[in-house]
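# Residue-level structural notes
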Amino acid sequence: MENPQDIFSSNGGCLSDIVIEKYLVESKESVSHVQLACSMQDCAFPLDGTELCIWNTKDPSRQLLILRGHHQPITAMAFGNKVNPLLICSASLDYVIMWNLDECREKVLQGLVPRGTVMGSLLGKVLCLQLSPDDHVVAVCAGNKIFMLDIETQAVRAELQGHLGPVTAVEFCPWRSGTLISASEDRGFKVWDHCTGSLIYSSSVLSAYPLLSLFIDAESRQLVTGCADGQLWIFSLMDGHHYRRVARVDLRKKTETFSTRRVKSGLCSQPEESQLPSTSALGKGEQVEVTFPVLRLAPCDLSLIPNSACGCLSSENTRCVWIGSSVGLFVFNLANLEVEAALYYKDFQSLSILLARSCALRNCTVDQKVLCLLASLFGGKIAVLEINPAALVMAQQCPSMGQSLSVPASSCVLPTSPLYLGIAKEKSTKAASEQRCGHDGAVNAMCWSQDRRWLFSAARDGTLRVWSARGAELALLLGKDMFSKPIQSAQFYYIDAFILLSSGPEFQLLKYHIDTCKDEIKRYKQKSKSKLICRLSTTGAVDMTSLSAVNDFYSHIVLAAGRNRTVEVFDLNAGCSAAVKAEAHSRPVHQICQNKGSSFTTQQPQAYNLFLTTAIGDGMKLWDLRTLRCERHFEGHPTRGYPCGIAFSPYGRFAACGAEDRHAYVYEMGSSTFSHRLAGHTDTVTGVAFNPSVPQQFSSYHHVKKDMFAFPCAMTESFLRPPQHCRTVSQLATATLDGKVQLFLAE
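All values reported here derive from a predicted model rather than from experimental measurement.

Turning our attention to the overall build of the protein. Looking only at helices and strands, the protein has 7 helices and 53 strands in total. Evaluated residue by residue, the protein yields a buried proportion of 56% over its 747 residues. Carbon and sulfur atoms form 49% of the exposed surface of the protein, whose accessible area is close to 31,900 Å².

As structure tokens, then:
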């Protein structure tokens, strides 16, 4: 098992700087199933069952404020959203009481007994409380009912019924006045209009385990709900999206991937055993699967952390969420669906609680610290932790790359570069084969040259052929003896100066010469030639599954994906591997798509550093070459068993992908959910391509043509380039597994 020093000290972090136990108290009665509460300066928890205890974090030496009024054990509490006055609501089987903390403290100073206002009585066992953003209404979740109580008049505004199990969490929608969302042990969530008491939406059963927590992100307009088995479900709350699912995340798998990446990056040693809690009662060879119940969700804004502490986190990728679980706290990124940092209680000897059953989290904007209130799973221990998110993230972020990488060439070609050798000298090259028949195997790759004069094809028969676009004549043939394995990917490179291809675990850079002279007498003699300039292998010598490079302008960067789920960056100016991204997907990447733009559009130079990857069953990811980090994860399209293609729009604003549900999906780069879902297909959509000559600034698509071909074809941008006499311009083309191509026009 990893030591705490291995986890946190490799990148300048110190254990005492990350988390401090500020306060510890033990209650006579267990508080493991009580909803705890934190505000900017106060923490609230039950003491000895019926007493409500308020501990002030600003002045820890101040005496605890103890509020008495309940005769039954307190089961839930929640702070208000306003600072003046600061309200707190507590609930038990007998009463629901609202307290004004400023008035209570004044009465204590005067020697009087503070009293609260009884909002309701005998409503049942309350598991959750939540005050509205304006502190005018409190939602009381008692059993499978939700009571909306007016704070000023103490009247019941509405009684919301519909859940089949106890309601465990409730949240007010900050941008929709009157909208309330609740989660329940019936394993679903519901959307209510609490002003009228009507049900707006009811979800299906999401999991086999109860839903325990809710969080609404106002910036991305998304709903996040957590289950008892460690699953996170994310839904879109945007108008017109009809509460569709954005992603489903397994927290346990994400933490394992996070740990694996850190081990491979050298931040910590190889763990000898699982980081999950073990059980001494199990014998050797016996294992138990431990889940991470999502007890609480809270906002986490990493943009408040200094840039030096964020490492390689981009400013657009700092909206995260705190996940409170039984074994620790996790910083989860809602954009790329990855764990950014993990804090396990067991790794800190100074902490008194190693397994929690209830927790509350709150950001402090003054010193950028986070308050965490924990209740032990066993016994009555209650602890207040102060967490430094900057130190936590800095200690666990992978180190940035030593060199700055950029897709557009930022320097001249070095004399030692294979690109320089290939351009400067053209010595005798190997003559191509004289065979002129077609391929004997399935075609793996097709690509147009930048000047549109040549089209080459690579096939399973181990050959690569370059064809003339004018007369459909074979101009160059590279035979089987040149490649040890079939060609997986191939393309023109460096503005048609080279041919770049992958075969097995290596890619080859070929210099070629195509003879365009026609000699009717010696037309049988092949004068086109090629020469191998260099070959580079992937780290670990694993077979490549995809290869990508820019041909429209000078670039020294080549991207390659391997069967070991890595993405590797090669710098051909240096002639070596520049960076490796481990665990890029849960399965091998089958396509890399760079934001190449087109000759008809221009983009900011930084935009060309973005690229997409896709893998079966793991959606599509957006990466930034400068940091080699995933910036966004798109999971709204099903691709469980067949590799479906992806494409960038010419302006880089949209990405399209195929899916197995006979639809094509279009995503906007700033959102994790799809903006368009294109129907009308008769089989799995395997390929997509944007028109390179038309900017994609539209609100909808409509179908213009279908069934153009009755055979499978390769989808490239040049396929969409319209003739000069054609007025109708198609924005997106899709190809399906049954050999049909369809065109869609944007409006």
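Still more to cover.
Considering soluble globular proteins, one finds that nonpolar side chains tend to be buried as a cluster. Judged by nonpolar contacts, the single largest core of 33 residues is most densely connected at Phe45, Leu52 and Leu373. Among residues more than four places away in sequence, those in contact with Phe45 are Tyr23, Val25, Leu36, Glu51, Leu52, Cys53, Trp55, Met77, Leu373 and Ile382.

The sheet built from 4 strands is open, its strands ordered β42-β43-β44-β45 with antiparallel pairing. Taken across any chain shown, the strands that pair with only one partner, and hence form the sheet edges, are β42 (589–594) and β45 (629–634). Across the sheet, the axes of successive neighbouring strands diverge by a mean angle of 25°, strand direction being ignored. Bridging between strand β44 (residues 620–624) and β45 involves 5 bridges; their strand directions are antiparallel. Its bridge partner being in β45, Leu622 is matched across the sheet by Arg632.

Before going further, it helps to examine unusual backbone geometry. Omega for the peptide link from Asn84 to Pro85 comes to 0°, which places this bond in the cis form. Structurally, Pro85 is set in the loop between β6 (74–79) and β7 (87–92). The phi dihedral of Glu583 is positive, around 55°, even though this residue is not glycine. Position of Glu583 among the secondary structure elements: in the loop between β41 (576–581) and β42.

Our focus in this paragraph is a nonpolar patch on the surface. Together, Leu354, Leu355, Leu377 and Phe378 line one region of the surface with nonpolar side chains, adding up to about 360 Å² of accessible area. Tracing the backbone shows Leu377 in the loop between β27 (369–376) and β28 (381–387). Overall, Leu377 belongs to the partly exposed group, its relative accessible area being 30%.

Taken in spatial order, the 4 strands make up an open sheet running β22-β23-β24-β25, and their pairing is antiparallel. Each edge of the open sheet is held by one strand with a lone partner, namely β22 (296–301) and β25 (338–344). The average angle at which neighbouring strand axes cross in this sheet is 25°, direction not considered. Alignment of strand β23 (residues 319–324) against strand β24 (residues 328–333), held across 5 bridges, turns out to be antiparallel. Bridged to Val321 within β24 is Phe332. Its contacts with the sheet put helix α6 (residues 389–396) on β23, β24 and β25, and the angle it makes with β25 is roughly 110°.

Moving on, we get to the pattern of salt bridges. Going through the model one piece at a time under the given rule, you end up with 21 salt bridges. When the shortest N-O distance is used, the salt bridge between Arg677 and Asp661 registers 3.3 Å. Residue Arg677 is located in strand β49 (residues 674–678), and its partner Asp661 is located in the loop between β47 (654–658) and β48 (664–668); the two are separated by 16 residues in the primary sequence.

This part takes up α6. Counting buried positions along α6 yields 7 of 8 residues, so the element is predominantly enclosed. Turning to α6, its buried residues number three or more, namely Pro389, Ala390, Ala391, Leu392, Val393, Ala395 and Gln396. Between the side-chain oxygen at the start of α6 and the backbone nitrogen of Ala390 there is a gap of 3.1 Å, and the oxygen is on Asn388.

Residues Arg245, Arg248, Lys253 and Arg640 make up a contiguous surface patch of positive charge. Of note, Arg248 is situated in strand β21 (residues 245–250). Using a relative accessible area of 41% as the deciding quantity, one classes Arg248 as partly exposed.

Moving on: helix α3 (residues 101–109). Restricting attention to buried positions, one finds in α3 the residues Leu101, Cys104 and Arg105. End-on view of α3: buried residues confined to an arc of 95°, all on one side of the axis. If you follow the buried residues of α3, they end up packed against β3 (42–47), β4 (51–56), β5 (65–67), β6, β7 and β8 (95–100). The N-cap residue of α3 is Asn100: its side-chain oxygen and the backbone nitrogen of Asp102 are 3.2 Å apart.

Let's shift gears to the environment of Met40. Mapped onto the elements of the fold, Met40 is located in the loop between β2 (37–38) and β3. The spacing of Met40 and Leu371 is 331 residues in sequence and 8.3 Å in space, taken between C-alpha atoms.

What counts and how
- Residues numbered from 1 in each chain as written.
- Predicted model: local features only at pLDDT ≥ 70, side-chain atom pairs only at ≥ 80, totals over all residues.
- Heavy atoms only, no water.
- Helix = DSSP H or I, 4+ residues; strand = E, 2+ residues; numbered from the N terminus.
- Buried < 20%, exposed > 50% of the residue type's maximum accessible area, 1.4 Å probe, protein only.
- Areas by Shrake-Rupley, 256 points an atom, 1.4 Å probe, with all protein chains shown as cover.
- Core = buried A, V, L, I, M, F, W, Y, C linked by side-chain atoms within 4.5 Å.
- Contact = heavy atoms within 4.5 Å.
- Pairing = 2+ DSSP bridges.
- Axes fitted to C-alpha atoms, helices over the stretch in contact; angles between N-to-C directions.
- Patch = residues over 30% accessible without salt bridge, like charges linked within 9 Å, V, L, I, M, F, W, Y side chains within 5 Å.
- Salt bridge = Lys/Arg side-chain N within 4 Å of Asp/Glu carboxyl O.
- Polar contact = N/O pair within 3.5 Å; in protein donor to acceptor, adjacent residues only side chain to side chain.
- Lys, Arg positive; Asp, Glu negative; His and termini not counted.
- Charge placed at Lys NZ, Arg CZ, Asp CG, Glu CD.
- Arc of directions from axis to C-beta.

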